[in-house]
Amino acid sequence: MRKIYIFDTTLRDGEQSPGVNLNMQEKVEIALQLEKLGVDRMEAGFPAASPGDLAGVSAVARAVKNASVIALSRSREQDIEAAREALKDAQDPCLHLFLATSPIHRQHKLRMEKHQVLETAEAAIRYAKKYFSKIEFSPEDAGRTELDFLCEVTEMAIRAGATVVNIPDTVGYLTPYEYGSIFKTLKENVTGIEKIQLSAHCHDDLGMATANALAAILNGADQIEGTINGIGERAGNTSIEEVAMALETRQEFFQAKTTLTLSEIARTSRLVSKLTGMVVPGNKAIVGANAFAHESGIHQDGMLKEKTTYEIMSPETIGLKESKLVLGKHSGRHAFREKLVDLGYNLDDEQMNAAFAKFKDLADKKKNVTDEDIVALLEEKLIETPEVFSLETIQVSYGNQSTPTATVRIKLLDGGHLDEAAVGNGSVDAIYNAIDKATKEEVELDDYSIQSVTHGKDALGEVHVVLKQGDYSVLGRGLSTDILEASARAYVDAINRLIEKRKSPARSRDNVTLI
Ligand SMILES: CC(=O)SCCNC(=O)CCNC(=O)[C@H](O)C(C)(C)COP(=O)(O)OP(=O)(O)OC[C@H]1O[C@@H](n2cnc3c(N)ncnc32)[C@H](O)[C@@H]1OP(=O)(O)O
Ligand SMILES: CC(C)C(=O)C(=O)O
Ligand SMILES: [Mg+2]
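Residues numbered from 1 in each chain as written. Chains lettered and ligands numbered in written order. Predicted model: local features only at pLDDT ≥ 70, side-chain atom pairs only at ≥ 80, totals over all residues. Heavy atoms only, no water.

By the naming in an unreviewed UniProt entry, the protein chain goes by 2-isopropylmalate synthase and is assigned to Paenibacillus tianmuensis. UniProt's Pathway (unreviewed entry) comment on the protein chain is quoted here verbatim: "Amino-acid biosynthesis; L-leucine biosynthesis; L-leucine from 3-methyl-2-oxobutanoate: step 1/4." Here the protein chain is described in UniProt, under the heading Sequence similarities (unreviewed entry), as follows: "Belongs to the alpha-IPM synthase/homocitrate synthase family. LeuA type 1 subfamily." (UniProt positions renumbered as here; feature names shortened; annotations may be inferred.)

A. Structural context of the coordination of the magnesium ion (ligand 3). Distances from the magnesium ion (ligand 3) to its protein donors, Asp13 (OD), His201 (NE2) and His203 (NE2), fall at 2.0 to 2.2 Å. Taken in chain order, the donor set of the magnesium ion (ligand 3) reads D-x187-H-x1-H. Of this pair, Asp13 sits in the loop between strand E2 (5-8) and helix H1 (24-37) while His203 is found in the loop between strand E8 (197-202) and helix H8 (209-218), placing the two residues 190 residues apart along the sequence. Overall, the relative accessible area of 2% leaves Asp13 in the buried class. Looking at His203, the relative accessible area reads 4%, which means it is buried. (Donors = N, O, S within 2.8 Å, 3.2 Å for Na, K, Ca; no water. Helix = DSSP H or I, 4+ residues; strand = E, 2+ residues; numbered from the N terminus. Buried < 20%, exposed > 50% of the residue type's maximum accessible area, 1.4 Å probe, protein only.)

B. Highlighting the packing of H1 against helix H2 (residues 51-63). Closest axis-to-axis distance for the H1/H2 pair is 9 Å, and the angle between their directions is 35 degrees. Read as a crossing pair, H1 and H2 show a hand that is right-handed. On the side of H1, the interface is formed by Met24, Lys27, Val28, Ala31, Leu32 and Glu35, while H2 contributes Asp53, Ala55, Gly56, Ala59, Val60 and Ala63. Looking at the contact of H1 with H2, its residues break down into 8 nonpolar, 1 polar and 3 charged. (Axes fitted to C-alpha atoms, helices over the stretch in contact; angles between N-to-C directions. Left-handed = near helix turned anticlockwise from the far one by under 90°. Contact = heavy atoms within 4.5 Å. Nonpolar A, V, L, I, M, F, W, Y, C, P; charged D, E, K, R; others polar.)

C. Representation of the site of ligand 2 within the structure. Arg12, Asp13, His96, Ser138, Glu140, Asn166, Pro168, Thr170, His201 and His203 make up every residue found near ligand 2. His203 has a polar side-chain atom sitting 3.0 Å from an oxygen atom of ligand 2. Out of a free accessible area of 260 Å², ligand 2 has 93% covered by protein chains. Elements represented by at least two residues in the shell around ligand 2 include exactly strand E6 (135-140) and strand E7 (164-169). Considering only residue class, the shell around ligand 2 consists of 1 nonpolar, 6 polar and 3 charged. (Near = heavy atom within 4 Å. Polar contact = N/O pair within 3.5 Å; in protein donor to acceptor, adjacent residues only side chain to side chain. Areas by Shrake-Rupley, 256 points an atom, 1.4 Å probe, with all protein chains shown as cover.)

Below, the structure is given as structure tokens:
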């Protein structure tokens, strides 16, 4: 099986992501983790960019023992000298020289003719060769360079002493077919190509960076450049974890592999995200929070029966503990039952059906149903009080310059309804006055408290009320994603308990000692 070398540029191209700035300690921390991941080469920075970057590359060069450390340099002596200084303590240093070759860059940026590009690059490689045995040369914007000129540049770089020639699709412009063809052409036409390694460096402007890197592998590339989490200039670079897992998962197709320690992928991704401040999108391949999470019932059922129905890789391979079955509105009974068992509940079929109906109701209102939500739902269900009154609808009109008004519709055991409206000092007071009018119960609100049982904007709110009537004191509880609805539910719940208590004070579980 052919080995594909991994050249990580998280600390250089990755750091070029707008808003990212890694200090020396952070660079070293990431570099040591990249070493654990087993990258073959890591580009630590661009020493000529600033004294801080030079110090960062230098610190990485001193810290890393098991990977080649690389510094980027323009085709200029002063940049090469800065890189030389930064890499002086590296065990296995490599200089990365670049010069743009495409017509657009030659004309507008460098203002050079083809022959000047060739001469400048050759002079830089020959100068650097005095100090570095390993030199990678990148014809920047190779993807938009005339193919015959790219062959000429590559031949020049080999003659001048480059050990790797990298073919950057600097602006993420090419399709996999086109990018792959460049490698094929270079392999077939460049004299001396067998003496060097060919490398791929892709950007994700059209979302094709990983596909392009894989096309390069299929056409003879020896090395893939990329970053962890795909960070980098503009839309970013090829994601190293995507290439590594594509080769791992589709070995029979690519007939190539990396020597990365795949179980370090998740840890490396988390560290890079934390230190760069670049949040990994949930749906990001391999390392996104949803990459091994399943929400829909049919998928969850398949996963419970046999994981390969919906997973082509196992989360353990990249160092995660397990796949997640996330409960939400698309979930089904199989996953719900599994969750209940996990939480320690053993419900019979009838209880299970009732709990599932409640769960679906909640899931319609809430993005993610958490374990706490389910416990709260179940506990509410398990306290059985006959519902003489049940809240059907509430409507509240509130304005800071007007009197709050509430309308409630309460359902009776016989299927009839009570509709009432009332005003109050606030929205909750108006709702409670309307419920009092509808139920004709004379009660005193002794206590009211509200808390969020789960987290986030759509968290479940839990309201507790204590109502008093003569010698009786009862507790009521209401749960909803809306605090006014939770307040109304708690109040109606307490009234039902009061009625139950009046009927059989000895049997009732609600007692002032509960509070
Ligand atoms: C595709 C890539 O990712 S390339 C790497 C991009 N990374 C960076 O640019 C990050 C670090 N860069 C920097 O800190 C600064 O740009 C520096 C220190 C390198 C240079 O700063 P300045 O001297 O102020 O120049 P500035 O960045 O404005 O312009 C770049 C100059 O380099 C020239 N240049 C660009 N690429 C190369 C190259 N590969 N070799 C030689 N010269 C180059 C440009 O033509 C321009 O030259 P000019 O000043 O004669 O017009
Ligand atoms: C420096 C080069 C390799 C680069 O990052 C690019 O062209 O994208
Ligand atoms: Mg780049």
